[in-house]
Each structure stands twice: as structure tokens, then as C-alpha cells.
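So you can see what is in the structure, the chains are spelled out below.
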Amino acid sequence: MANIKSAKKRILVNATKAERNKAIKSKIKTYTKKVEAAVTAGDKTAAAEVLKCATAEIDKACSKGVYHKNNAARKVSRLTNLVNAMN
């Protein structure tokens, strides 16, 4: 356990950030599942709507440093390819 005051603060701050990152990643996983569900259901309009929301959330997470930019781009690309393949 840390003895120095600044080290104790870092532990608290890191725990807070980890909690926030976990919530954001969970939200993105939920959106991903919604897109996949709409694609399997064959509902193109719903899939496009959810894809738009998912893309926005992934980009937001990327800008906050939760995901690396290449990881975010890969996630968006895979979801977009899923929706575009519905034609």
C-alpha cells in the first residue's frame, strides 16, 4: 500500500478512470451487438441507424483515449462492412 499522499491520490484517480473506461467499453459492446442483431434480422434501416450511433460513440471513445485510433477505425470498419454487405 502506498504511503505517500500523491501515490494514494494516483491510486484513487486511476480507479476512477478505469471505471469510466470500463463503462465506455461496455456501451460500445452493446452498440456493436445491436448492429449485429439488426443485420441478422435483415432490417437495413435499423442497422444503419444503430451504426450511426455506434460510430459516434466509438469516435468519442477514441478522442477520450479509451481506444487507440487504429483500434477504433478497425471497429468502425468492421461494423460498416457488416451493414454494407446487407445489399
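Everything numeric here is computed off the predicted structure, so don't read it as measured data.

Caption draft 1: Quick peek at the packing of helix α2 (residues 44-63) against helix α3 (residues 69-84). Two elements in contact, α2 and α3, have axes whose closest approach is 10 Å; the angle formed by their N-to-C orientations is 180 degrees. The angle between α2 and α3 falls in the class roughly antiparallel. Of the residues in α3, those touching α2 at Lys44, Ala47, Ala48, Leu51, Ala54, Thr55, Ile58, Asp59 and Cys62 are Lys69, Ala72, Lys75, Val76, Leu79, Thr80 and Val83.

Caption draft 2: Structural context of α2. The end-to-end C-alpha distance of α2, which contains 20 residues, comes to 28 Å, matching closely the 28 Å that a straight helix rising 1.5 Å per residue would cover. Turning to α2, its buried residues are Ala47, Val50, Leu51, Ala54, Glu57, Ile58 and Ala61. The buried side chains of α2 occupy one side of the element, clustering within an arc of 135 degrees when seen end-on. More than 90 degrees from the buried face of α2, the exposed residues found are Thr45, Glu49, Lys52 and Ser63.

Caption draft 3: Spotlight on the pattern of salt bridges. One pass over the structure, following the stated rule, counts two salt bridges. In this structure, Lys27 engages Glu57 in a salt bridge whose closest nitrogen and oxygen atoms are separated by 3.8 Å. On the criterion of sequence distance, the pair formed by Lys27 in helix α1 (residues 5-41) and Glu57 in helix α2 is long-range, its members being 30 residues apart. The class for Lys27 is partly exposed, based on a relative accessible area of 41%. The residue Lys60 makes a salt bridge to Glu57 at a minimum N-O spacing of 3.8 Å. Of this pair, Lys60 and Glu57 both sit in helix α2, three residues apart, which is roughly one turn of that helix.

Rules and cut-offs
- Position numbers for residues count from 1 along each chain, tracking the sequence in the order it is written.
- Where local features are concerned, this predicted model is filtered to residues with pLDDT of at least 70; where side-chain atom pairs are given and counted, the filter is 80 or more; whole-chain, interface and lining totals use all residues.
- Side-chain descriptors were evaluated using all non-hydrogen atoms of the structure, hydrogens and water having been removed beforehand.
- Helix axes use the C-alpha atoms of the stretch in contact, all axes being lines fitted to C-alpha atoms, and the angles between their N-to-C directions lie in the range 0 to 180 degrees.
- Elements are defined by DSSP. Helices are runs of H or I of four residues or more, strands are runs of E of two residues or more, and each kind is numbered from the N terminus.
- If an angle is under 35 degrees, it is roughly parallel; if it is over 145, roughly antiparallel; if it lies from 65 to 115, roughly perpendicular; otherwise it is oblique.
- Contacts: residue pairs with any heavy atoms within 4.5 Å of one another.
- Under the convention used throughout, the expected extent of a helix is 1.5 Å for every residue step, that is, one less than its residue count.
- Each residue's exposure class comes from its accessible area (1.4 Å probe, protein chains only) as a fraction of the maximum for that residue type: buried when under 20%, exposed when over 50%, partly exposed otherwise.
- Read the arc as the range of directions from the helix axis to the C-beta atoms.
- Each salt bridge in this description consists of a side-chain nitrogen of Lys or Arg and a carboxyl oxygen of Asp or Glu lying within 4 Å of one another.

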